[in-house]
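Here are the chains, one letter per residue:
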Amino acid sequence: GEETPEEREFQDRIDRGEKIEPKEWMPAGYRKTLIRQISQHAHSEIVGQLPEGNWITRAPTLERKQILLAKVQDEAGHGLYLYSAAETLGISRDEMYEQLHSGKAKYSSIFNYPTLTWADMGAVGWLVDGAAIMNQVPLQRTSYGPYSRAMIRICKEESFHQRQGYHIMMKMARGTEAQREMAQDALNRFWYPALMMFGPSDANSVHSEQSMAWKIKINTNDELRQRFVNETVPQAEFLGLEVPDPDLAWNEEKGGYDFSQPDWDEFFEVLKGNGPCNKERLGARVKAWEDGAWFRDGLTAYAEKASARRAA
Ligand code: FAQ
């Protein structure tokens, strides 16, 4: 329909590069899109703890175990930080959890793939955190104040995560022949799922156009995917590993690599809940929520008693 004066003024503020803050007027669609994106991002951080949590008890050395433990805790922190940012838009944490646990809200497709070997901890840090940074660095300039400030802090930690993953890959790729094979196998399995993290092709991206007009998103999905390939291929070469794409080739004209698209049918199946680990991942989160009920009840009962005592 016709743009209202309020909507015009809002768009002008966005165009001038102003940040929008929680209590200020915003179009209902802007609020809804942000709640969707920030809560999905938060859910991804929380579910994203599971594939790596799987290896904490089996890390090869005490040092690697400490590092992995710290990384997985960082992801929990990012999740809580992002839930807080979403709460400023008027949704409660309980509502967001309910949306995750009922399968209504999405979380990143990548976390529905299994982590089969220690080399996968390298591949996840290198490729998954690498893709996350590629997406999140521009989001530091997103138009919603609390989200943009959350991204600044989160990106600092993600850079460390990416380096620790690459460090594992270096050790493995330059280790024994069996270790090198594990590293190559991890790259083979995580390459295309990492490319899927940027979302469907621009032609199939439902939200990109409006989200970019509102500066909720800064780049298109395909732009970021291309940037990721351009940065990651030389890193694979440095490791002496081969990107599993026979059509990968430097394109001088565009100043970037030509590369094969992931299997988009597989991507949409994963989104529908039919990926290799969807049931396991969601099941683990629902179980953690249910197992924690006694603790939440205890906290609530204690808070009620304490406030009754103060009132008396
Ligand atoms: N997985 O119209 P678009 C991390 C959905 S990093 C699942 O293009 P949009 C760190 C999309 O939601 C990972 N669903 O959507 C970490 C929409 O469905 P809806 C999290 C996907 O929003 C590392 C539909 O497809 N990062 O966790 C995916 O404009 C290691 C149509 O797509 C973020 O969330 C996907 N890959 O663009 C933690 C970053 N792609 O909602 C632990 C912020 C698309 O209408 C270990 N998010 N969909 O039902 C974004 O930048 C955007 O939301 C995109 C998608 C780029 C993900």
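Conventions adopted
- For every chain, the first residue of the written sequence is number 1, and numbering continues from 1 onward in sequence order.
- The predicted origin of the model limits local features to residues at a pLDDT of at least 70 and limits the giving and counting of side-chain atom pairs to 80 or more, whereas totals for whole chains, interfaces and linings rest on all residues.
- Values shown for side chains rest on all heavy atoms present in the structure; no hydrogens or waters enter the calculation.
- Comment: elements are numbered from the N terminus, with helices defined as DSSP H or I runs of at least four residues and strands as E runs of at least two.
- In short, Shrake-Rupley with a 1.4 Å probe defines the accessible areas, and a residue's cover is counted only from the protein chains shown.
- Positive residues here are Lys and Arg, negative ones are Asp and Glu, while His and the chain termini are left out of the count.
- To locate a charge, the coordinates of NZ of Lys, CZ of Arg, CG of Asp or CD of Glu are taken.
- Residues belong to one nonpolar core when they are buried, are Ala, Val, Leu, Ile, Met, Phe, Trp, Tyr or Cys, and are joined through side-chain atoms within 4.5 Å.
- Note on classification: 1.4 Å probe, protein chains only; a residue is buried when its accessible area is under 20% of the maximum for its type, exposed when over 50%, partly exposed between these limits.
- Note on contacts: a residue pair is in contact if any heavy atoms of the two residues lie within 4.5 Å.
- A cutoff of 4 Å decides nearness: a residue is near a molecule or strand if any of its heavy atoms lies inside that distance of it.
- Polar contact criterion, stated in full: a pair of N or O atoms within 3.5 Å, where within protein one must be able to donate a hydrogen and the other to accept it, and residues adjacent in sequence count only if both atoms are side-chain atoms.
- A score between 0 and 100, pLDDT records how confident the predictor is in each residue.
- Only Phe, Tyr and Trp rings take part, Trp by its six-membered ring, and two of them pair if their centres are within 6.5 Å. Stacked means planes under 30 degrees apart, edge-to-face means over 60, and tilted covers everything else.
- Only lysine NZ and arginine CZ atoms are considered, and such an atom sits over a ring when it is within 6 Å of the ring centre and within 35 degrees of the ring normal.
- Like charges within 9 Å and nonpolar side chains (Val, Leu, Ile, Met, Phe, Trp, Tyr) within 5 Å are joined into patches, using only residues over 30% in relative accessible area that form no salt bridge.
- Every case where a carboxyl oxygen of Asp or Glu lies within 4 Å of a side-chain nitrogen of Lys or Arg is listed as a salt bridge.
- An axis is simply a line fitted to the C-alpha atoms; with a helix, the fit covers only the stretch in contact. Between two such axes, the angle follows the N-to-C directions and lies from 0 to 180 degrees.
- Working definition: roughly parallel below 35 degrees, roughly antiparallel above 145 degrees, roughly perpendicular at 65 to 115 degrees, and oblique for all remaining angles.
- The nonpolar class holds Ala, Val, Leu, Ile, Met, Phe, Trp, Tyr, Cys and Pro. Asp, Glu, Lys and Arg form the charged class, and all remaining residues, Gly among them, are polar.

In the annotation of an unreviewed UniProt entry, the entry for the chain reads Phenylacetate-CoA oxygenase subunit PaaA, and the organism field reads Roseivivax halodurans JCM 10272.

> Help me out: how do you make sense of the overall build of the chain in this one?
Looking only at helices and strands, one finds 13 helices and two strands in the chain. Of the roughly 15,900 Å² of accessible surface on the chain, a fraction of 54% belongs to carbon and sulfur atoms. Charge-centre separation for the chain: the mean point of 38 positive side chains lies 7 Å from the mean point of 47 negative side chains.

> Got a minute to help me understand the nonpolar core in this structure?
Grouped together as the largest cluster of nonpolar side chains are 69 residues, with contacts concentrated most on Tyr 30, Ile 38, Tyr 144 and Phe 228. For this core, the elements supplying multiple residues, two or more each, are helix H1 (5–15), helix H2 (28–47), helix H4 (62–87), helix H5 (93–101), helix H6 (119–139), helix H7 (145–173), helix H8 (177–196) and helix H10 (221–239). With 10 residues, the top contributor of residues to this core is H6. Residues in contact with Ile 38, not counting those within four places in the same chain, are Leu 82, Ala 85, Ala 86, Leu 89, Tyr 144 and Tyr 147. With five residues, the next largest nonpolar core counts Tyr 113, Met 196, Trp 264 and Phe 267 among its residues.

> Honestly, the site of the ligand in this entry has me stumped. Any pointers?
Looking at the ligand, there are 35 residues lining it, with Lys 106, Ser 205, His 207, Lys 217 and Asn 221 nearest. Asn 135 is positioned such that a nitrogen or oxygen atom in its side chain is 2.9 Å from an oxygen atom of the ligand. Between Lys 217 and the ligand, the recorded distance is 2.8 Å, taken from a side-chain N or O atom to an oxygen atom. Protein burial of the ligand: of its 1,100 Å² of free accessible surface, 91% is covered by the chains. For the shell around the ligand, the secondary structure elements donating two or more residues are H2, H4, H6, H7 and helix H11 (264–274).

> For this particular structure, what's the right way to read the confidence of the model for the chain?
If pLDDT is low for a region, its predicted coordinates should not be looked at in detail. This prediction gives the chain a mean pLDDT of 97; 100% of its residues lie at or above 70. Overall fold confidence for the complex sits at a pTM of 0.96, while the interface term, ipTM, reaches 0.98.

> What should I look at first to understand the packing of aromatic side chains in this one?
Two aromatic rings, taken as a pair, are described by how far apart their centres are and by the angle between their planes. Tallied over the entire structure, the rule returns 13 aromatic pairs. A ring pair is formed by Trp 55 and Trp 118, whose centres lie 6.4 Å apart and whose planes are at 65°; its orientation type is edge-to-face. One end of the pair, Trp 55, is in the loop between helix H3 (49–53) and H4; the other, Trp 118, is in the loop between H5 and H6, and 63 residues separate them in sequence. Of the two residues, Trp 55 and Trp 118, both sit in the buried class. A ring pair is formed by Trp 250 and Tyr 257, whose centres lie 5.0 Å apart and whose planes are at 80°; its orientation type is edge-to-face. A relative accessible area of 44% means that Trp 250 is categorised as partly exposed. What links up through ring pairs into an aromatic cluster is the set Phe 10, Trp 25, Tyr 30 and Trp 214. The aromatic ring of Tyr 81 is capped on one face by Arg 153, whose charged end is 5.3 Å from the ring centroid.

> What am I meant to see in a nonpolar patch on the surface here?
On the surface, a cluster of nonpolar side chains totalling about 400 Å² of accessible area is made up of Trp 294, Phe 295 and Leu 299. Mapped onto the fold, Phe 295 is located in helix H13 (residues 293–311). On the basis of relative accessibility, which here comes to 46%, the residue Phe 295 falls in the partly exposed class.

> Help me out: how do you make sense of the environment of Pro 60 in this one?
Structurally, the position occupied by Pro 60 is in the loop between H3 and H4. The class for Pro 60 is exposed, based on a relative accessible area of 52%. Linking Pro 60 and Trp 118, residues 58 residues apart in sequence, is a C-alpha distance of 8.0 Å.

> Would you take a moment to explain the side chain of Ser 201 for this structure?
Tracing the sequence through the fold places Ser 201 in the loop between H8 and helix H9 (208–213). Excluding residues that lie within four positions of it along the chain, Ser 201 makes contacts with Asp 222, Arg 225 and Trp 264.

> Explain the packing of H5 against helix H12 (residues 278–291) here, please?
Packed helices, taken two at a time, are described by the angle between their axes plus the distance between the axes. One way to put it is that H5 packs onto H12 with a least axis distance of 10 Å and a crossing angle of 140°. By the criterion of interaxial angle, the relationship of H5 to H12 is oblique. Residues Asp 94, Tyr 97, Leu 100 and His 101 of H5 form the contact with H12, whose participating residues are Leu 282, Arg 285, Val 286 and Trp 289. Considering only residue class, the contact of H5 with H12 consists of five nonpolar, one polar and two charged.

> What is the right way to read the packing of H12 against H13 from this model?
Between H12 and H13, the shortest axis-to-axis distance is 4 Å and the interhelical angle comes to 40°. Considered as vectors, H12 and H13 are oriented oblique to each other. Of the residues in H13, those touching H12 at Trp 289, Glu 290 and Asp 291 are Ala 293, Trp 294 and Arg 296.

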